[in-house]
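So the chains spell out like this:
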Amino acid sequence: MTQEIRPFTKINDSFKKIVITSNTPKPFYNENGILIMNVFDFLLRMDSMEI
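Keep in mind the model is a prediction, meaning the values are calculated, not measured.

Conventions used here
- Residues numbered from 1 in each chain as written.
- Predicted model: local features only at pLDDT ≥ 70, side-chain atom pairs only at ≥ 80, totals over all residues.
- Heavy atoms only, no water.
- Pairing = 2+ DSSP bridges.
- Helix = DSSP H or I, 4+ residues; strand = E, 2+ residues; numbered from the N terminus.
- Patch = residues over 30% accessible without salt bridge, like charges linked within 9 Å, V, L, I, M, F, W, Y side chains within 5 Å.
- Areas by Shrake-Rupley, 256 points an atom, 1.4 Å probe, with all protein chains shown as cover.
- Salt bridge = Lys/Arg side-chain N within 4 Å of Asp/Glu carboxyl O.
- Buried < 20%, exposed > 50% of the residue type's maximum accessible area, 1.4 Å probe, protein only.
- Polar contact = N/O pair within 3.5 Å; in protein donor to acceptor, adjacent residues only side chain to side chain.
- Contact = heavy atoms within 4.5 Å.

## Overview of the sheet that holds strand β3 (residues 35-38)
Okay, so step 1: An order of β1-β3-β2 is seen for the three strands of this open sheet, with the pairing classed as mixed. Strands with a single pairing partner mark the edges of an open sheet, and in this sheet they are β1 (18-21) and β2 (28-29).
Okay, so step 2: Where β1 meets β3, four bridges bridge the pair, whose relative direction is parallel. Within β3, the position partnered with I18 by the bridge is L35.

## Things to note about a nonpolar patch on the surface
Okay, so step 1: Residues F40, L43 and L44 make up a contiguous nonpolar surface patch of roughly 390 Å² in combined accessible area.
Okay, so step 2: Considering the arrangement of structural elements, one finds F40 in helix α2 (residues 39-44).

## A look at the side chain of K17
Okay, so step 1: Mapped onto the fold, K17 is located in the loop between α1 (2-9) and β1.
Okay, so step 2: Using a relative accessible area of 12% as the deciding quantity, one classes K17 as buried.
Okay, so step 3: At 2.7 Å, the side chain of K17 and the side chain of D13 are in polar contact.
Okay, so step 4: Discounting residues that sit within four places of it in the chain, K17 has contacts with F8, I11, I34 and L35.

Function-wise, these values are silent; they only describe arrangement.
As structure tokens, this is what we get:
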């Protein structure tokens with residue numbers, strides 16, 4: 001997880017940053033404002049980009 005998040009912490013812009021995983025139970029934002037969500041939520045939920 002650290003390896004996936006590290007590049008996002010070095011980018012200072014206002015674009016949404018999302019990490020897609022296979023083992024996250026429900027979507028959440030970490031302390032850096034990066035959305036971490038399960039691949040199934042990302043693909044199957046119509047509102048996955050608005051979370």
